[in-house]
Amino acid sequence: MAQTQQTGTGYIGQFTAVDPVVDRMRSFRSTWHPADGVAVFNRVYLTVTEEIGHAIEAGTFADRRAAATLDVRFAERYLEVVDAVATGCPAPACWRPLFQYRRHPGVRPLQFALAGINAHIGHDLALAVVDSCRTLDCAPAELEDEFDRVGDILVLLEERIREELMPGPDLLEVADPLTHLLGCWSLERARDGAWLAARSMWQLRGLPDLAEEFRERLDRSVGLVGRMLLTPLARCG
């Protein structure tokens, strides 16, 4: 685990607060229509980030500086995509489906949420681990506890997200195509893949060309899954 000196609720040395990224995500609520697919993901991710922030403040993480650094580096990846798209730049392949389909009437809110989570965990989380290792001058293994704890929070919140955004009765009709689509994606598998990708990129850091090729292939493969998750669906009934 990355080592940090702490006094009370303060920190000695470099520390990046979670509050600024939370404030930025909150500001988007007045910018986007609530039905906008990116707005749907933003609401979900805001809840996640706030929950992680509360856990850091409550001392859930043994190394709060490492946890905050990982959380902020993670959020910054998403915020950079939002800023790029706002200035007319193309989104990375992993995010492109969500931004392209954000107003499609045949895509349901839960699909938007999961497509954003897929992009952010499948691609951005691995890069955030590497970013955090460089900031904290440590190897990925020293962040594994923080990574796992963040992942546990994400899994709990995914259950809440599915409950809040799931249409209709408590159980979807078997014939509803959304039922089958949801069975094709797993947060647990995405999280495991992100950890493996982070370790691989860290090992490749001395080979920048190969590392960039690895990242580009990861970006494209995650984007392909995102496009599948955003398949417009006919509604039952």
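Rules used in this analysis
Residues numbered from 1 in each chain as written. Predicted model: local features only at pLDDT ≥ 70, side-chain atom pairs only at ≥ 80, totals over all residues. Heavy atoms only, no water. Axes fitted to C-alpha atoms, helices over the stretch in contact; angles between N-to-C directions. Helix = DSSP H or I, 4+ residues; strand = E, 2+ residues; numbered from the N terminus. Left-handed = near helix turned anticlockwise from the far one by under 90°. Contact = heavy atoms within 4.5 Å. Nonpolar A, V, L, I, M, F, W, Y, C, P; charged D, E, K, R; others polar. Salt bridge = Lys/Arg side-chain N within 4 Å of Asp/Glu carboxyl O. Buried < 20%, exposed > 50% of the residue type's maximum accessible area, 1.4 Å probe, protein only. 1 Å grid on protein atoms, 1.4 Å probe; cavity = no way out; pocket = protein on both sides within 12 Å on 5 of 7 lines; lining within 4 Å. Points joined across faces, edges and corners; volume = space filled by probe spheres on them.

Trainee: Any chance you could explain the packing of helix H1 (residues 19-27) against helix H3 (residues 64-86) here in plain terms?
Mentor: Between two packed helices, the angle of one axis relative to the other and the distance separating the axes together describe the packing. For the pair H1 and H3, the least separation of the axes is 10 Å and the interaxial angle reads 35 degrees. Viewed along their axes, H1 and H3 form a crossing whose handedness is left-handed. Across from Val 21, Arg 24 and Met 25 in H1, the residues of H3 making contact are Val 72, Ala 75, Glu 76, Tyr 78, Leu 79 and Asp 83. Within the contact of H1 with H3, the residues separate by chemical class into 6 nonpolar, no polar and 3 charged.

Trainee: Can you walk me through the pattern of salt bridges in this structure?
Mentor: Where charged atoms of side chains with opposite charge meet at close range, the side chains can pair. For the structure on display, the rule yields 11 salt bridges. For Asp 23, the salt bridge identified is with Arg 26, shortest N-O distance 3.8 Å. In this pair, Asp 23 and Arg 26 are both assigned in helix H1, 3 residues apart and thus about one turn of the helix distant. A residue is classified by how much of its surface remains accessible, and Asp 23, at 44% relative accessible area, is partly exposed.

Trainee: Mind showing me how you'd approach unusual backbone geometry here?
Mentor: The bulk of non-glycine residues show a negative phi, and the bulk of peptide bonds are trans. The backbone of Asp 137 sits at a positive phi, close to 55 degrees, despite the residue not being glycine. Assignment of secondary structure puts Asp 137 in the loop between helix H5 (109-136) and helix H6 (144-165). Looking at Asp 137, the relative accessible area reads 73%, which means it is exposed.

Trainee: Hey, could you run me through empty space enclosed by the protein in this one?
Mentor: Any empty space left between the atoms is revealed when a probe the size of a water molecule rolls over them. Counted by the stated rule, this structure contains 1 cavity of 30 Å³ or more. Of the volumes computed, that of the largest cavity is approximately 90 Å³. In this structure, the largest cavity is lined by 13 residues; those nearest its centre are Tyr 45, Val 48, Ile 117, Ile 121 and Leu 154. Every element with two or more residues in the lining of the largest cavity is listed here: helix H2 (37-57), H5 and H6. For the lining of the largest cavity, the per-class residue count stands at 11 nonpolar, 1 polar and 1 charged.

Note that every value here comes from positions in space, so none of it alone points to a role or purpose.
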